[in-house]
Amino acid sequence: MTPTGNVLGSTPRRADAWEKVSGRAEYVDDLSIPGLWFGGTLRSAVPRGRLRGISRRESFDWSRVVVVTASDLPGPNEVAMVRSDHPILAADAVNFVGQPLALVAAPDRQTLAAALGALVPDVEEAPAVLTLEEAQEGRTVIWGADNVLAAYVLGDEEDAVAEAFSRADRIVEGTYTTGYQEHLYLEPQGMVALPREDGGVEVTGSLQCPYYVHRALQRALGLEDHRIAVRQAVTGGGFGGKEDYPSVLAIHAALLARASGRPVKMVLGRNEDLRFSTKRHPSVVRHRTGVRSDGTLCAAEVDVLFDGGAYTTMSPVVLSRGALHALGAYRVPRARVTARALATNTPPNGAFRGFGAPQTIFAVERHMDLIARELGISPLEVRRRNLLRRGDRLPCGQILTEEPGASLVLERAQALAKYETRHGTLRKEGRGLGLSLFIHGGGFTGSGEEKIDGRVAVEIGAGGRVEILASSTEMGQGAATVLPQIGAQALGLPLDRIFHPAPATDRVPDSGPTVASRTVMVVGRILVGACEDLAAKVARRLEEAAGLPEGSVTWREGTFRGPGFPEKSFEGVLDQWKDRLQGLRGEGRYAPFPDLHWDDDAYRGDAYKDYSWGANVVEVAVDPDRHTLTLCAVTAVVEIGRAVHPLLAEGQVAGGTLQALGYGGMEDLRIDDRGRYLQDRLSTYSIPTALDAPDLVVEIAEIPSPRGPFGAKGLGELPINGGAPALASAVEDATGVFISTIPITGERLFAHRRDGLSDEPS
Amino acid sequence: MLNEEDRRITGTFSVNGRSRSWSFSPEATLLHVLRDHGHTEVKNGCEEGECGACLVLLDGKPVPSCQVFAATARDREITTVRALGTIHAPHPIQEAFVEVGAVQCGFCTPGIVLATAALLRENPNPSDEDIIHALDGQKCRCTGYVKIIEAVRLAARRGRHE
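These figures come from a predicted structure and were not determined experimentally. (Residues numbered from 1 in each chain as written. Chains lettered and ligands numbered in written order. Predicted model: local features only at pLDDT ≥ 70, side-chain atom pairs only at ≥ 80, totals over all residues. Heavy atoms only, no water.)

Caption draft 1: Main features of the overall build of chain B. Counting its secondary structure elements, chain B contains 6 helices and 5 strands. Overall, chain B shows an N-to-C arrangement of helices and strands of α-β-β-α-β-β-β-α-α-α-α. Against the 2.2 N^0.38 benchmark of 15 Å for 162 residues, chain B shows a C-alpha radius of gyration of 16 Å, consistent with a compact globule. If you line up chain B on its principal axes, its C-alpha atoms span 55 × 30 × 25 Å. Residues classed as buried in chain B amount to 54% of the 162 residues present. Taking all contacts inside chain B whose residues are at least 6 apart in sequence as the whole, residues at least 24 apart take part in 53%. Surface accessibility of chain B: about 6,900 Å² in total, with carbon and sulfur atoms responsible for 48%. Charge separation in chain B, taken as the distance between the mean sites of 18 positive and 21 negative side-chain charges, equals 4 Å. (Helix = DSSP H or I, 4+ residues; strand = E, 2+ residues; numbered from the N terminus. Rg over C-alpha atoms; globule rule 2.2 N^0.38 Å. Buried < 20%, exposed > 50% of the residue type's maximum accessible area, 1.4 Å probe, protein only. Contact = heavy atoms within 4.5 Å. Areas by Shrake-Rupley, 256 points an atom, 1.4 Å probe, with all protein chains shown as cover. Lys, Arg positive; Asp, Glu negative; His and termini not counted. Charge placed at Lys NZ, Arg CZ, Asp CG, Glu CD.)

So, in structure tokens, the structure goes:
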């Protein structure tokens, strides 16, 4: 890898800035498509049962619309994802309120609503499982033999852990509970499908992962690869919410487009989106830890339970990441983690920024505070004594061969916020300070990246501009700006000579999904390989043109050199030869690291290529009468290897931190006795506004990593891991009440103060 | 029962300084009528007046267009973000948003830019508290509001020095 440009680390304007700030950016609902019909979904009103049939009221003129039911499907009735248990439309079993039963397309919205109202499902209701407790009891089995969607055991053998416990001075136990969270991307889910004359289909939508949608369509419609094209429209936020759910919506829209022979749009209203799209998995995490009296950890057992909802979706993968992050940023000599995701008759939960880690990091961070509390040492000190250092071993067996950023971010955050001197001193003012230290693995877990085997191409286009062909999507995080920066750096090009347009599967290779904090670290590295390939091909062309033998022109440090050949930059070559080089294409492919290994069966090895680190200090004020929280000041320090675009990186950290504080403090989402979300509107599901937002200080630290391009590691998810536990810790500092459940709503804080673990005088 | 066509009403609107005559159903909100006539810069984020993505200026005052019946906006001045500058001459507020990194997914941006324009017209020298209150109806999930508030401060500062 040859660092040639000076674009990396600079802060150019976003590639999509003007179109967004001017209102010209076209999101899927903004596309003008002649002859467009509107699609809608008939949904189950019962949480569990058997669909006996769907009758059509005779008063409605059915010739005006098309209706699709499970019996009309051209292929297998499954939304291809991790497993094939998720039906496109219920054929027989119904497993959650809102499950799609039939689809309707109509020429206008009024006719669509009338048709949906004229379809009458007949569902024989059966007993439902709505909570993790019921799923665990297993008296009613709704999935597999035991309601278990996924299970993992990782870490050391039981005997070794028991032996380590015997050396502890004290055992500390705690149980931690987290609720649902809705992504609340500002742009709701949406998809448009166009039938093609060759029987194929073209789908454009708000989505993170074009090839996930592509493969789901291929499976559902039984179409050959080349008869499907999936294009990304401008996407108004994802946060994981547009990772798996768009496959469902795309299949539905495509079925209606094929049935009607017309373009069909399905855009969810906010209420429909809140009720039926995926959420963050609720969790219960139990910790049992052996500690020495000086606060060092000897042994740990962690049990993780996630509520997966009615079908598998991404639950095994989310659970896996949750389990691998269960001991956070700490060194535990012997540890064992057991983890299960259970099925309930609620809408399927899915991918959400952090992907299981926010739940388990909340638990371990609170547990570290509990250990500190029981031993009478400070939360800062207990972290200092146990944080991961170079050479330490993670529970999965991975040895940290690079310097971890844990100590750096912890000390910097505590210094910026003056935690050490101020913690424990603010209670009389009704305030408190809380601290968290956290970790996030970049890229797919285990051998995931090797299986994805991502590809990126770069192509010289008209006018000598280089186009990046990658399936990574811009959803607000800045991919359309930072990938060109990485390419420009690799080629020594000015940024205006390279661009990354929104991907379409008939144009770009599969670089893998835009998830798992992998776009910069993993796709960016593949992109550098593609750039090097392009430079090598340009060198061959230069040799041919000059009649030089192969190998005489080289590309090094941003310059083409050869005998009797004037030195040229990539830009100089493009300027001079753009027409002759047009169409030349460099290709890159994921290159495994020979020194990293993962054993899927043993669930052991190098779980992630590298880790990013973060620390938060939250200062909160607690209203003693109303039990409400006010965020005063928040400090967020992250170590991400190298910031490609520091301004965008700060934006990611600030946004993710506030999303985490919403998760911890105010985003209260519960279900009723039918498994329906009680907070299904924006007026009842509250996310932080400018008024709720604290003074937020963001600092980015850099310890360049050998695993990412120019030293860069993952960033997107990291900031969501630490806000909730730091907030809970701050509430503890302010009130003396130990909080083990989020969100910390007023009523919950009141109950905690009444019943919970407290050092308040009673 | 009257059919949909018979029930439609017509009205004249002044949108970004241009007079437009549209027919629409009496229940239609201003949001839908604007979007149905090509003003897709007005975004539909919740349809209950909570997110601010559909904000327009009605006679200069910021309102969520999903909470206004189109019929009541007839013969009034409607301003959308399209009125605010061109790619060659962006409005200073737009410049500030781009410059400080206040734009991420962009879906909330047109509403927030307009809310800022309304604020700075009324109060060219807003305190941070004024800014926060002016933006309180505008939800954003990407930025944590830090850079948005910075952008408003910058636009205000530049506006005063013009």
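Caption draft 2: Expanded view of the packing of helix H4 (residues 109–122) of chain B against helix H5 (residues 128–135) of chain B. All names here are of chain B. At a minimum axis separation of 10 Å, H4 and H5 run at an interaxial angle of 130°. In terms of axis orientation, H4 runs oblique to H5. The crossing of H4 and H5 is right-handed. Note on element contacts: H5 touches H4 through Asp 130, Ile 131, Ala 134 and Leu 135, opposite Ile 112, Ala 115, Thr 116 and Leu 119. Residue classes in the contact of H4 with H5 are distributed as 6 nonpolar, 1 polar and 1 charged. (Axes fitted to C-alpha atoms, helices over the stretch in contact; angles between N-to-C directions. Parallel < 35°, antiparallel > 145°, perpendicular 65-115°, else oblique. Left-handed = near helix turned anticlockwise from the far one by under 90°. Nonpolar A, V, L, I, M, F, W, Y, C, P; charged D, E, K, R; others polar.)

Caption draft 3: Seen up close, the packing of aromatic side chains. Residues and elements named next belong to chain A. Per the stated rule, a full pass over the model turns up 14 aromatic pairs over all chains. Relative to Tyr 603, the ring of Trp 598 has its centre 5.0 Å away and its plane inclined at 80°; by these criteria the two rings are edge-to-face. Taken individually, Trp 598 and Tyr 603 each receive the classification buried, so the pair is uniform in this respect. For the ring pair Tyr 608 and Tyr 611, a centre distance of 5.6 Å and an interplane angle of 80° mean the geometry is edge-to-face. Here Tyr 608 matches Tyr 611 in class, with each residue buried. One aromatic cluster is present, formed by Tyr 152, Trp 598 and Tyr 603 through successive ring pairs. Over the face of the ring belonging to Phe 165 we find Arg 288, whose NZ or CZ atom lies 4.2 Å from the ring centre. (Phe/Tyr/Trp six-rings, centres within 6.5 Å; stacked < 30°, edge-to-face > 60°. Lys NZ or Arg CZ within 6 Å of the ring centre and 35° of its normal.)

Caption draft 4: Quick peek at the packing of helix H9 (residues 357–375) of chain A against helix H10 (residues 379–386) of chain A. All names here are of chain A. The interhelical angle for the contact between H9 and H10, taken along N-to-C directions, is 110°, at an axis separation of 8 Å. Taken together, the axis directions place H9 and H10 in an arrangement best described as roughly perpendicular. Residues Glu 365, Met 368, Asp 369, Ile 371 and Ala 372 of H9 form the contact with H10, whose own contacting residues are Pro 379, Val 382, Arg 383 and Asn 386. Considering only residue class, the contact of H9 with H10 consists of 5 nonpolar, 1 polar and 3 charged.

Caption draft 5: Region of the structure containing the domain arrangement of chain A. Residues and elements named next belong to chain A. Parsing chain A into structural domains produces domain 1 (17–25 + 454–589), domain 2 (32–126 + 183–276) and domain 3 (283–446 + 601–755). The C-alpha centroid of domain 3 is placed 37 Å from the C-alpha centroid of domain 1. Facing 20 residues of domain 1, the contacting portion of domain 3 comprises 21 residues. Carbon and sulfur atoms supply 73% of the area buried between domain 1 and domain 3, which totals about 1,500 Å² over both sides. It is Ala 516, Ser 517 and Met 521 that lose the most area in domain 1 upon contact with domain 3, and together they represent 42% of the buried surface on that side. Linking domain 1 with domain 3 are 0 salt bridges. (Domains from an automatic or database assignment. Buried area = accessible area lost by both parts, 1.4 Å probe. Salt bridge = Lys/Arg side-chain N within 4 Å of Asp/Glu carboxyl O.)

Caption draft 6: Here's a closer look at the state of the cysteines. In the structure shown here, the tally under the stated rule is 0 disulfides over all chains. We note that Cys 108 of chain B lacks a disulfide partner, and the nearest cysteine sulfur, in Cys 140 of chain B, lies 4.0 Å from it. (Disulfide = S-S within 2.5 Å.)

Caption draft 7: Just the nonpolar core, in detail. Ranked by internal contacts, the top residues of the largest apolar core, which has 170 residues, are Leu 437 and Trp 613 of chain A together with Phe 97 of chain B. The element contributing the most residues to this core is H9 of chain A, with 10 residues. Setting aside residues up to four positions removed in sequence, Leu 437 of chain A forms contacts with Ala 329, Tyr 330, Glu 365, Arg 383, Leu 387, Ala 406, Val 409, Leu 410, Gly 614 and Ala 615 of chain A. By size, the runner-up hydrophobic cluster in this structure holds 47 residues, among which are Val 482, Val 523, Leu 527 and Leu 581 of chain A. (Core = buried A, V, L, I, M, F, W, Y, C linked by side-chain atoms within 4.5 Å.)

Caption draft 8: Structural context of the interface of chain B and chain A. Taken residue by residue, the interface counts 47 residues in chain B and 50 residues in chain A. Summed over both partners, the interface of chain B with chain A comes to about 4,000 Å²; 60% of that surface belongs to carbon and sulfur atoms. The tally of links from chain B across to chain A stands at 7 salt bridges. Measuring nitrogen to oxygen at the nearest pair gives 2.7 Å for the salt bridge that ties Arg 35 of chain B to Asp 30 of chain A. On inspection of chain B and its partner chain A, the count reaches 25 residue pairs in polar contact (both at pLDDT 80 or more). For the side of chain B that touches chain A, the secondary-structure elements that each account for two or more residues are helix H2 (30–36), helix H3 (92–100), H4, H5 and helix H6 (146–161) of chain B. When residues of the side of chain B that touches chain A are assigned to their parent elements, the largest contribution, 6 residues, is made by H3 of chain B. Looking at side-chain class alone, the side of chain B that touches chain A contains 20 nonpolar, 13 polar and 14 charged residues. (Polar contact = N/O pair within 3.5 Å; in protein donor to acceptor, adjacent residues only side chain to side chain.)

Caption draft 9: Broad picture of the domain arrangement of chain B. Residues and elements named next belong to chain B. One can read the domain layout of chain B as domain 1 (4–83) and domain 2 (92–161). Distance from the C-alpha centre of domain 1 to the C-alpha centre of domain 2: 23 Å. With 17 residues of domain 1 at the interface, the matching set in domain 2 holds 13 residues. For the pair domain 1 and domain 2, the summed buried area comes to about 1,200 Å², and 63% of that belongs to carbon and sulfur atoms. The tally of links from domain 1 across to domain 2 stands at 2 salt bridges. For Lys 61, the salt bridge is made with Glu 122, and the minimal N-O distance between the two is 3.8 Å. Counting every contact that joins domain 1 to domain 2 gives 4 residue pairs in polar contact (both at pLDDT 80 or more). Those elements that place two or more of their residues in the side of domain 1 that touches domain 2 are strand S3 (55–58) and strand S4 (61–64). The greatest single-element share of the side of domain 1 that touches domain 2, amounting to 3 residues, is contributed by S3. When the residues that make up the side of domain 1 that touches domain 2 are grouped by side-chain class, the tally is 7 nonpolar, 6 polar and 4 charged.

Caption draft 10: Representation of the pairing of strand S1 (residues 9–15) of chain B in the model. Residue and element names in this part refer to chain B. Bridge count for S1 against strand S2 (residues 18–24) is 7 bridges, and the pairing is antiparallel. Its bridge partner being in S2, Phe 13 is matched across the sheet by Arg 20. Following S1, the chain reverses through 2 residues before pairing antiparallel with S2; Asn 16 in that reversal takes a positive phi of roughly 50°. By the bridge criterion, 2 bridges tie S1 to strand S5 (residues 77–79) in an arrangement that is parallel. (Pairing = 2+ DSSP bridges.)

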